[in-house]
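# A closer look at the structure
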Amino acid sequence: MGQCGITSSKTVLVFLNLIFWVEDEVNHSIQKVYNEYNGTNADASSRAIDYVQRQLHCCGIHTYSDWMNTRWFNEFQNNSVPVSCCKPNVSNCTGSLTRPGDLYPEGCEALVVKKLKEIMMYVIWAALTFAAIQVFGMLSACVVLCRRSRDPAYELLMTGGTYA
(Lines give C-alpha, C1' and ligand atoms only; values in the text may rest on other atoms or scores of the structure.)
Protein backbone atom coordinates (compact mmCIF):
# COMPACT_ATOMS: atom_id res chain seq x y z
CA MET A 1 0.00 0.00 0.00
CA GLY A 2 2.87 2.38 0.75
CA GLN A 3 4.32 1.86 -2.72
CA CYS A 4 0.99 2.76 -4.32
CA GLY A 5 0.80 5.99 -2.30
CA ILE A 6 4.34 6.91 -3.28
CA THR A 7 3.66 6.12 -6.93
CA SER A 8 0.44 8.17 -6.90
CA SER A 9 2.23 11.10 -5.26
CA LYS A 10 4.99 10.92 -7.85
CA THR A 11 2.41 10.83 -10.62
CA VAL A 12 0.69 13.96 -9.32
CA LEU A 13 4.04 15.74 -8.95
CA VAL A 14 4.98 14.78 -12.51
CA PHE A 15 1.70 16.21 -13.80
CA LEU A 16 2.13 19.42 -11.79
CA ASN A 17 5.66 19.77 -13.13
CA LEU A 18 4.29 19.12 -16.61
CA ILE A 19 1.85 22.01 -16.24
CA PHE A 20 4.69 24.46 -15.61
CA TRP A 21 6.75 22.92 -18.41
CA VAL A 22 3.78 23.41 -20.77
CA GLU A 23 3.93 27.20 -20.29
CA ASP A 24 7.59 27.37 -21.28
CA GLU A 25 7.15 25.01 -24.21
CA VAL A 26 4.09 26.85 -25.51
CA ASN A 27 5.96 30.15 -25.39
CA HIS A 28 8.84 28.73 -27.42
CA SER A 29 6.64 26.84 -29.88
CA ILE A 30 4.14 29.61 -30.50
CA GLN A 31 6.94 32.06 -31.35
CA LYS A 32 8.34 29.57 -33.84
CA VAL A 33 4.96 28.91 -35.46
CA TYR A 34 4.15 32.62 -35.75
CA ASN A 35 7.49 33.21 -37.45
CA GLU A 36 6.74 30.42 -39.96
CA TYR A 37 3.31 31.84 -40.82
CA ASN A 38 2.92 32.61 -44.51
CA GLY A 39 -0.83 33.15 -44.81
CA THR A 40 -1.49 30.27 -47.21
CA ASN A 41 -4.04 27.59 -46.52
CA ALA A 42 -1.63 24.92 -47.77
CA ASP A 43 0.80 25.52 -44.91
CA ALA A 44 -0.03 23.59 -41.70
CA SER A 45 1.38 26.21 -39.33
CA SER A 46 -0.61 28.96 -41.07
CA ARG A 47 -3.82 26.92 -40.82
CA ALA A 48 -3.09 26.21 -37.16
CA ILE A 49 -2.54 29.88 -36.33
CA ASP A 50 -5.69 30.93 -38.17
CA TYR A 51 -7.71 28.18 -36.45
CA VAL A 52 -6.45 29.09 -32.97
CA GLN A 53 -7.07 32.79 -33.51
CA ARG A 54 -10.63 32.17 -34.70
CA GLN A 55 -11.51 29.60 -32.03
CA LEU A 56 -9.94 31.37 -29.05
CA HIS A 57 -10.83 34.90 -30.25
CA CYS A 58 -7.26 36.12 -30.00
CA CYS A 59 -4.63 37.77 -32.17
CA GLY A 60 -0.86 37.52 -32.00
CA ILE A 61 1.17 36.07 -29.16
CA HIS A 62 0.52 38.73 -26.51
CA THR A 63 -1.41 41.27 -28.59
CA TYR A 64 -2.14 41.96 -32.24
CA SER A 65 0.93 44.18 -32.49
CA ASP A 66 3.13 41.06 -32.22
CA TRP A 67 2.44 40.47 -35.90
CA MET A 68 4.65 43.46 -36.74
CA ASN A 69 7.70 41.41 -35.69
CA THR A 70 6.97 38.45 -37.99
CA ARG A 71 8.46 37.58 -41.34
CA TRP A 72 4.98 37.52 -42.90
CA PHE A 73 4.29 41.13 -41.87
CA ASN A 74 7.64 42.33 -43.17
CA GLU A 75 7.30 40.48 -46.50
CA PHE A 76 3.81 41.72 -47.35
CA GLN A 77 4.26 45.22 -45.89
CA ASN A 78 0.53 45.88 -46.03
CA ASN A 79 0.28 47.11 -42.43
CA SER A 80 -2.22 44.40 -41.52
CA VAL A 81 -2.57 41.21 -39.55
CA PRO A 82 -4.23 37.98 -40.74
CA VAL A 83 -7.97 38.18 -41.27
CA SER A 84 -8.37 35.47 -38.61
CA CYS A 85 -7.66 38.27 -36.09
CA CYS A 86 -10.88 40.05 -37.07
CA LYS A 87 -13.83 40.01 -34.72
CA PRO A 88 -16.70 38.03 -36.30
CA ASN A 89 -19.28 40.79 -35.85
CA VAL A 90 -17.21 43.29 -37.89
CA SER A 91 -18.03 43.28 -41.59
CA ASN A 92 -15.41 44.06 -44.22
CA CYS A 93 -12.51 43.60 -41.83
CA THR A 94 -9.21 43.35 -43.65
CA GLY A 95 -6.96 43.05 -40.61
CA SER A 96 -5.63 46.55 -41.08
CA LEU A 97 -3.72 47.95 -38.12
CA THR A 98 -5.27 51.34 -38.82
CA ARG A 99 -8.54 49.95 -37.40
CA PRO A 100 -7.47 48.12 -34.19
CA GLY A 101 -11.05 48.07 -32.91
CA ASP A 102 -11.85 45.45 -35.55
CA LEU A 103 -9.23 43.06 -34.13
CA TYR A 104 -9.15 40.79 -31.11
CA PRO A 105 -7.14 42.66 -28.45
CA GLU A 106 -5.98 39.63 -26.47
CA GLY A 107 -2.99 37.48 -27.46
CA CYS A 108 -3.22 33.75 -28.00
CA GLU A 109 -0.40 32.48 -25.79
CA ALA A 110 -2.20 32.99 -22.48
CA LEU A 111 -5.39 31.47 -23.85
CA VAL A 112 -3.59 28.40 -25.24
CA VAL A 113 -1.80 27.86 -21.92
CA LYS A 114 -5.09 28.25 -20.06
CA LYS A 115 -6.77 25.67 -22.32
CA LEU A 116 -3.88 23.22 -21.89
CA LYS A 117 -3.97 23.65 -18.11
CA GLU A 118 -7.68 22.84 -18.13
CA ILE A 119 -6.98 19.66 -20.06
CA MET A 120 -4.11 18.75 -17.72
CA MET A 121 -6.40 19.18 -14.72
CA TYR A 122 -8.73 16.57 -16.20
CA VAL A 123 -5.74 14.24 -16.59
CA ILE A 124 -4.67 14.87 -12.98
CA TRP A 125 -8.19 14.19 -11.69
CA ALA A 126 -8.31 10.96 -13.71
CA ALA A 127 -4.94 9.89 -12.25
CA LEU A 128 -6.08 10.70 -8.71
CA THR A 129 -9.33 8.80 -9.25
CA PHE A 130 -7.38 5.81 -10.54
CA ALA A 131 -5.06 6.00 -7.51
CA ALA A 132 -8.06 6.14 -5.15
CA ILE A 133 -9.54 3.06 -6.82
CA GLN A 134 -6.21 1.27 -6.39
CA VAL A 135 -6.07 2.17 -2.70
CA PHE A 136 -9.67 0.98 -2.24
CA GLY A 137 -8.81 -2.29 -3.97
CA MET A 138 -5.77 -2.82 -1.75
CA LEU A 139 -7.77 -2.08 1.38
CA SER A 140 -10.41 -4.56 0.25
CA ALA A 141 -7.71 -7.18 -0.31
CA CYS A 142 -6.36 -6.54 3.21
CA VAL A 143 -9.82 -6.98 4.71
CA VAL A 144 -10.28 -10.26 2.84
CA LEU A 145 -6.86 -11.52 3.97
CA CYS A 146 -7.52 -10.56 7.61
CA ARG A 147 -10.86 -12.38 7.63
CA ARG A 148 -9.36 -15.38 5.88
CA SER A 149 -6.72 -15.84 8.57
CA ARG A 150 -9.43 -16.10 11.27
CA ASP A 151 -11.66 -18.51 9.34
CA PRO A 152 -10.77 -22.18 10.05
CA ALA A 153 -12.12 -23.24 6.66
CA TYR A 154 -9.12 -21.54 5.04
CA GLU A 155 -6.46 -23.22 7.21
CA LEU A 156 -3.81 -25.18 5.40
CA LEU A 157 -4.08 -28.90 6.06
CA MET A 158 -0.58 -30.27 6.66
CA THR A 159 0.50 -33.54 8.20
CA GLY A 160 4.12 -34.39 8.56
CA GLY A 161 5.35 -31.71 6.16
CA THR A 162 3.20 -32.86 3.29
CA TYR A 163 -0.17 -31.67 2.16
CA ALA A 164 -3.08 -33.89 3.17
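Residues numbered from 1 in each chain as written. Predicted model: local features only at pLDDT ≥ 70, side-chain atom pairs only at ≥ 80, totals over all residues. Heavy atoms only, no water.

Definition in use: UniProt positions are given in the numbering used here, feature names are shortened, and annotations may be inferred rather than shown by experiment.
Within an unreviewed UniProt entry, the label attached to the protein chain reads Tetraspanin-3, and the organism entered is Oncorhynchus mykiss. Check the Subcellular location (unreviewed entry) section of the UniProt entry for the protein chain; it says "Membrane".

## Some words on unusual backbone geometry
Trans peptide bonds make up most of the peptide bonds, and negative phi angles are found at most residues other than glycine. The line we're drawing: Working definition: helices are DSSP H or I runs of at least four residues, strands are E runs of at least two. Numbering for both runs from the N terminus. Partly exposed residues are those whose accessible area sits between 20% and 50% of the maximum for their type, while under 20% is buried and over 50% is exposed, using a 1.4 Å probe and protein chains only.
The backbone of asparagine 79 sits at a positive phi, close to 50°, despite the residue not being glycine. Its place among the elements puts asparagine 79 in the loop between α3 (71–76) and α4 (108–150). Asparagine 79 gets classed as partly exposed once you look at its relative accessible area, which sits at 36%. Positive phi, normally seen in glycine, also occurs at asparagine 92, with a value near 60°.

## Structural notes on the confidence of the model for the protein chain
The cut-off we apply is this: Every residue is assigned a pLDDT by the predictor, reflecting its confidence on a scale from 0 to 100. The contact definition used throughout considers only heavy atoms, calling two residues in contact when any of these lie within 4.5 Å.
Confidence in the prediction for the protein chain averages 80 pLDDT; 77% of positions are at 70 or higher. Per-element averaging of pLDDT across the protein chain places strand β2 (residues 162–163) at the bottom with 56 and helix α2 (residues 44–56) at the top with 90. For the stretch residues 1–6, pLDDT sits under 50, and the model shows five contacts to residues farther than four places along the chain or on other chains.

## Observations concerning the packing of aromatic side chains
The line we're drawing: Between 30 and 60 degrees the pair is tilted, below 30 it is stacked and above 60 it is edge-to-face, where a pair is any two Phe, Tyr or Trp rings, Trp via its six-membered ring, whose centres lie within 6.5 Å.
Here the structure, examined in full by the defined rule, presents four aromatic pairs. Considering the side-chain rings of tyrosine 37 and tryptophan 72, the 5.5 Å spacing of their centres and the 85° angle between planes classify their relative orientation as edge-to-face. With a gap of 35 residues between them, tyrosine 37 in the loop between α1 (2–36) and α2 and tryptophan 72 in helix α3 connect regions that are remote in the sequence. Judged on exposure class, the residue tyrosine 37 and its partner tryptophan 72 are both buried. Arranged with centres 5.6 Å apart and planes meeting at 70°, the rings of tryptophan 67 and tryptophan 72 form a pair that is edge-to-face. We note that tryptophan 67, like tryptophan 72, is buried. Among the aromatic residues, those joined into a cluster by ring pairs are Tyr34, Tyr37, Trp67 and Trp72.

## Section: the state of the cysteines
For clarity, the threshold we go by: Sulfur atoms of two cysteines make up a disulfide when they are within 2.5 Å.
Per the counting criterion, the structure on display carries three disulfides. Here cysteine 59 is linked by a disulfide to cysteine 85, with a sulfur-sulfur distance of 2.0 Å. Sign of the S-S torsion, about 80° for the bond between cysteine 59 and cysteine 85, identifies this disulfide as right-handed. In this pair, cysteine 59 is assigned in the loop between α2 and α3 and cysteine 85 in the loop between α3 and α4, connecting sequence segments 26 residues apart. Here cysteine 59 and cysteine 85 have matching classes, each one buried. Between the sulfur of cysteine 86 and that of cysteine 93 lies a disulfide, 2.0 Å long from S to S. Disulfide cysteine 86 to cysteine 93: torsion about the S-S bond roughly -70°, handedness left-handed. A relative accessible area of 14% places cysteine 93 in the buried class. If one numbers only the bonded cysteines of the protein chain, in the order they occur, the disulfide pattern is 1-6, 2-3, 4-5.

## A few points about the side chain of aspartate 50
For clarity, the cut-off: In this tally, Asp and Glu contribute negative charge and Lys and Arg positive charge; neither His nor the terminal groups of the chain are included. Definition used for salt bridges: Asp or Glu carboxyl oxygen within 4 Å of a side-chain nitrogen of Lys or Arg. Counting of polar contacts relies on pairs of N or O atoms within 3.5 Å, with two restrictions inside protein: one atom must be capable of donating a hydrogen and the other of accepting it, and residues adjacent in sequence are counted only when both atoms are side-chain atoms.
Mapped onto the fold, aspartate 50 is located in helix α2. Buried aspartate 50, no salt bridge; nearest opposite-charge side chain is arginine 54, N-O distance 4.9 Å. A distance of 2.8 Å separates polar atoms of two side chains, one belonging to aspartate 50 and the other to serine 84. The residues contacting aspartate 50, other than those within four sequence positions of it, are Tyr37, Pro82 and Ser84.

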